[in-house]
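# Structure at a glance
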Amino acid sequence: MENVVLQEAKTVAIQPRLIPGDTDILKVVQANALATSVQDMTLLERRIILLALAVINRSDQELPYVRIYTSDIKRTFGVAYNSLGAELNEATGKLMTRYAVFLRTRHGSYSKISWVNEVHFTSGLDSEDGMSYIDIQLHPAISRYVLQLTGRFFSVPVGVLARFRSMYSLRLCEILMAESRGGKVRQVNFDLPELKEILGCNTKAYHNFSNFRQRVLEPSQTENKEAGFLTFDWETINRGRQVIGLKFSVQVNHGAMSIDDFREFESQDQDIRRLALENSMRESGFTENPRAYTDRLGVDLVERIYTECRQVQMQNKGTKSEIRNFGGFLHSQLKQALENPPPAKGAIADDGFEHLTPQQLQAVADRLVQALAAARLEYVMQRWAELGEGEQNALRERMMRELDEWTLAALRKAGGEEGVAFHSAIRRILEAEGLTYPAPLASIRAFVSDDGLAKYRPDLRQKILRYAEEAE
């Protein structure tokens, strides 16, 4: 049955950037002025913004959409929210009301710009791979503080920012990096009321300097020291007995790049190359998910095919054989490589088991979650096919009443009832109606057989299953 709402829904064309498997190799690059703006948001909201900033390239011409899964937040920041999907949903709504406030003078003049242009939340029940996520695009006004920067900016590794459990500690790291020009200036002075306002501490609770010292300065000093990237000491600037300012002594350790010291540079370099390659593929018109090819073929081979396709495109420019759809041409070449793949490089150690890097562990876990989601979806559509026409029509009407405009547009783009988006929406409705899955589909551990992970060491199998359960 053709639905009128589907016919009228607008097509939304989005090619979001994804968060790489190993976020420790990412850096947040921002203008000094942005870091020293007033930022009234929760720690979770700030972490979402940081992940979005981290995959934006300074050379970008415009701000991209960024897709952030709940699993991205969990593995990046080491959090164990029991209801992260619900909290992500709540944070998504609040981010639309958040501003960066730039203090222009000490007399109360300021400028204000929105942080977010668009944000779309997709629940795990509606997601094609069973995981909640958001698609977020920062406001165009933010672009002047993160794109095409040539001076007055700094960078901090995401792995460093992920260590902070206090918003004050995180913000002081950013503010001191900005004011010290990335650690080039050792001494930084602040007017105390201005610093309190930037940190969001200009309330009665922090009016007494003793409270501000005990609740903000000292914990932040300890947490930054433990993070190992930026350390600082401070002393007061007084007018008589009144504290009117602070003098910070700042030292930056630019070698503190990773949370886990055992991660090898080669693994980090591979992730940097993967991210850059996948972004280049999307920006060149490649409409498939690049990760599906870099995972199966490897970064080296995909990079080589991409480079060769670019060379062919340049050689044929202006001729009868000119390549007008580069994304489609690249896709055809990658499909050929999948059909005739080169021999895989072995990773078998002396104990006879296949060993994996932390990034590869996460990739295996993500694939298991996606496979379970696909199996559940197949089961749902079998149950759907068994329903009578009247029951199906009733569920269609309920689904259309409950869907938002964004999801309707996605349904339209995905081919109506033949697309996975429609199947996912039906799954959500049937689950709400009380659908239960058979035992093999009830959980990730039930779904994954012992034989399926037999090639990995027992401890790695448990890690894979734990990662998969966190992402499920």
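In the block above lies the structure referred to throughout.
Below is a summary of the structure that appears in this document. Please read these numbers as outputs of a predicted model, since none were measured by experiment. (Residues numbered from 1 in each chain as written. Predicted model: local features only at pLDDT ≥ 70, side-chain atom pairs only at ≥ 80, totals over all residues. Heavy atoms only, no water.)

### Some remarks on the sheet that holds strand S1 (residues 17–18)
Sheet strands associate in pairs through backbone hydrogen bonding, adopting either a parallel or an antiparallel arrangement. The strand order S1-S4-S8-S7 describes an open sheet built from 4 strands, whose pairing is mixed. Edge positions in the open sheet fall to S1 and strand S7 (116–122), since each of these has one partner strand only. Judged from the 6 bridges that link them, S7 and strand S8 (residues 133–138) form a sheet pairing that is antiparallel. Of the residues in S8, the one forming a bridge with Thr122 is Tyr133. Helix H3 (residues 43–54) contacts strand S4 (66–69), S7 and S8 of the sheet and is inclined by roughly 70° relative to S8. (Pairing = 2+ DSSP bridges. Helix = DSSP H or I, 4+ residues; strand = E, 2+ residues; numbered from the N terminus. Contact = heavy atoms within 4.5 Å. Axes fitted to C-alpha atoms, helices over the stretch in contact; angles between N-to-C directions.)

### Regarding the packing of helix H8 (residues 192–199) against helix H9 (residues 209–227)
With their axes 13 Å apart at the nearest point, H8 and H9 run at an angle of 45° to one another. By the angle between their axes, H8 is oblique relative to H9. Here H8 and H9 pass one another in a crossing that is left-handed. Contacts between H8 and H9 pair Leu192, Leu195, Lys196 and Leu199 from the former with Phe209, Phe212 and Val216 from the latter. Of the residues assigned to the contact of H8 with H9, the class counts are 6 nonpolar, no polar and 1 charged. (Parallel < 35°, antiparallel > 145°, perpendicular 65-115°, else oblique. Left-handed = near helix turned anticlockwise from the far one by under 90°. Nonpolar A, V, L, I, M, F, W, Y, C, P; charged D, E, K, R; others polar.)

### Topic: H3
The end-to-end C-alpha distance of H3, which contains 12 residues, comes to 16 Å, matching closely the 16 Å that a straight helix rising 1.5 Å per residue would cover. The element H3 is extensively covered by neighbouring structure, given that 12 of its 12 residues are classed as buried. Turning to H3, its buried residues number three or more, namely Leu43, Leu44, Glu45, Arg46, Arg47, Ile48, Ile49, Leu50, Leu51, Ala52, Leu53 and Ala54. (Expected span 1.5 Å × (residues − 1). Buried < 20%, exposed > 50% of the residue type's maximum accessible area, 1.4 Å probe, protein only.)

### Quick look at the packing of aromatic side chains
We describe a pair of aromatic rings using the distance from one ring centre to the other and the angle between the two ring planes. Summed over the entire model, instances satisfying the criterion amount to 10 aromatic pairs. Ring geometry for Tyr69 and Tyr133: centres 5.1 Å apart, planes at 55°, overall tilted. You can see Tyr69 sitting in strand S4 and its partner Tyr133 sitting in strand S8, a full 64 residues away along the chain. Relative accessible area serves as the criterion here: at 15%, Tyr69 is assigned to the buried category. Residue class for Tyr133 comes out buried when judged on its relative accessible area of 11%. Here Phe102 and Tyr145 contribute two aromatic rings whose centre-to-centre distance is 4.9 Å and whose plane-to-plane angle is 20°, an arrangement assigned as stacked. Of the two residues, Phe102 is situated in strand S5 (residues 99–103) and Tyr145 in the loop between S8 and strand S9 (153–157); the sequence distance between them amounts to 43 residues. (Phe/Tyr/Trp six-rings, centres within 6.5 Å; stacked < 30°, edge-to-face > 60°.)

### Notes on the nonpolar core
Note on soluble globular proteins: their nonpolar side chains tend to be buried together. Within the largest apolar cluster, 81 residues are counted, with the highest numbers of intra-cluster contacts made by Ile48, Ile68, Ile73, Ile136, Phe212, Leu230 and Phe248. Non-local contacts of Ile68, meaning those with residues more than four positions away in its chain, are made with Ile19, Ile48, Leu51, Ala52, Ile73, Leu88, Ser132, Tyr133, Ile134 and Ile136. Judged by nonpolar contacts, the second largest core, of 31 residues, contains Met131, Tyr133, Met381 and Trp384. (Core = buried A, V, L, I, M, F, W, Y, C linked by side-chain atoms within 4.5 Å.)

### Quick notes on the sheet that holds strand S12 (residues 242–252)
Within the open sheet, the 3 strands sit side by side as S10-S12-S11. Their pairing is antiparallel. Two strands lie at the open edges of the sheet, namely strand S10 (187–191) and strand S11 (230–239), each paired on one side alone. The mean inter-strand angle of the sheet, taken between neighbouring strand axes irrespective of direction, is 25°. By the bridge criterion, 5 bridges tie S10 to S12 in an arrangement that is antiparallel. Its bridge partner being in S12, Gln187 is matched across the sheet by Ser249. Packed onto the sheet, helix H7 (residues 167–179) meets S10, S11 and S12 and runs at close to 80° relative to S11.

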